[in-house]
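Chain by chain, the residues run as shown.
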Amino acid sequence: MIYRSFAQISLAGFLLVSAGAFASIASAQTTNSQMNGLKLSNDQPIQIESDQLEIREQEKKAFFTGNVKVVQGTTTLQAGTMVVHYRGEGQTVTQGNADIEKIDVADKVFLSSETQQATADTGYFDMAQQLFVLEGERVVLSEGQNVFVGCKLTVQMESGQAKLESCGRRVQIQLDPQSQKPSN
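Note that the coordinates shown come from a computational prediction; the quantities given were computed from them, not determined experimentally.

Each value, and the rule that gives it
Residues numbered from 1 in each chain as written. Predicted model: local features only at pLDDT ≥ 70, side-chain atom pairs only at ≥ 80, totals over all residues. Heavy atoms only, no water. Salt bridge = Lys/Arg side-chain N within 4 Å of Asp/Glu carboxyl O. Helix = DSSP H or I, 4+ residues; strand = E, 2+ residues; numbered from the N terminus. Buried < 20%, exposed > 50% of the residue type's maximum accessible area, 1.4 Å probe, protein only. Pairing = 2+ DSSP bridges.

Draft legend 1. View of the pattern of salt bridges. As enumerated under the stated definition, the model contains six salt bridges in all. For Arg-87, the salt bridge is made with Asp-99, and the minimal N-O distance between the two is 2.9 Å. Of this pair, Arg-87 sits in strand 6 (residues 75-87) while Asp-99 sits in strand 7 (residues 99-113), and the two are 12 residues apart along the sequence. Within this structure, Glu-54, Arg-56 and Glu-59 form a network of salt bridges that share partners.

Draft legend 2. Spatial organisation of the environment of Leu-153. Relative to the assigned elements, Leu-153 resides in strand 10 (residues 146-156). Residue Leu-153 is classed as buried on the basis of its relative accessible area of 1%. Between the C-alpha atom of Leu-153 and that of Ser-166, which follows or precedes it by 13 residues, the distance is 9.3 Å.

Draft legend 3. The arrangement of the pairing of strand 9 (residues 131-143) in detail. For strand 9, the tally of buried residues reaches 10 of 13 residues, placing the bulk of the element in the interior. Looking at chain direction, strand 8 (residues 116-126) and strand 9 are connected through nine bridges and run antiparallel. Residue pairing in the sheet places Thr-119 in a bridge with Val-140 of strand 9. Counting the residues that bridge the hairpin from strand 8 to strand 9 gives four residues, and of these Gln-130 lies at a positive phi of roughly 55°. If you look at the hairpin formed by strand 9 and strand 10, you'll find two residues sitting between the two strands, and Gly-144 has a positive phi there, around 60°.

This is a description of form; function is not addressed.
Below you can see the structure in the form of structure tokens.
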């Protein structure tokens, strides 16, 4: 297990979904919404666990394989594999000072934070573009009883802008009217 405070890997605050925002576009081929719950957090340490870690300094990559689990605050990411791509001379993942470019996750990706959950086959975090993408045959987002299904979820981490694509099928949304809070 490696425990480091990688500010650049920040995974906190995942996908606060507003069911009301999706209600009028439930049958669309592509769904766009504002996901203000996804934001970067540099103030909490990140704990990473896996069955194996291989660091290739010449390639500037760290390979976490087997039961990968990343925890920061209330956010948990689980996957079969995770590859951290970094850059910079003298920078290493093990010292906690790596300049992270991209993180790839694969093999049954599961991401949860507080009441939200997402599952996918693969995903990546592009730190330079502040872009988070989950892909697969069936990408499922849920918050309580509200469920959103597509094949590709793209989130701009700085703005929270999100897009759920159908990939030739249809985006599916199941909304629970009981989940909407009454307005005062």
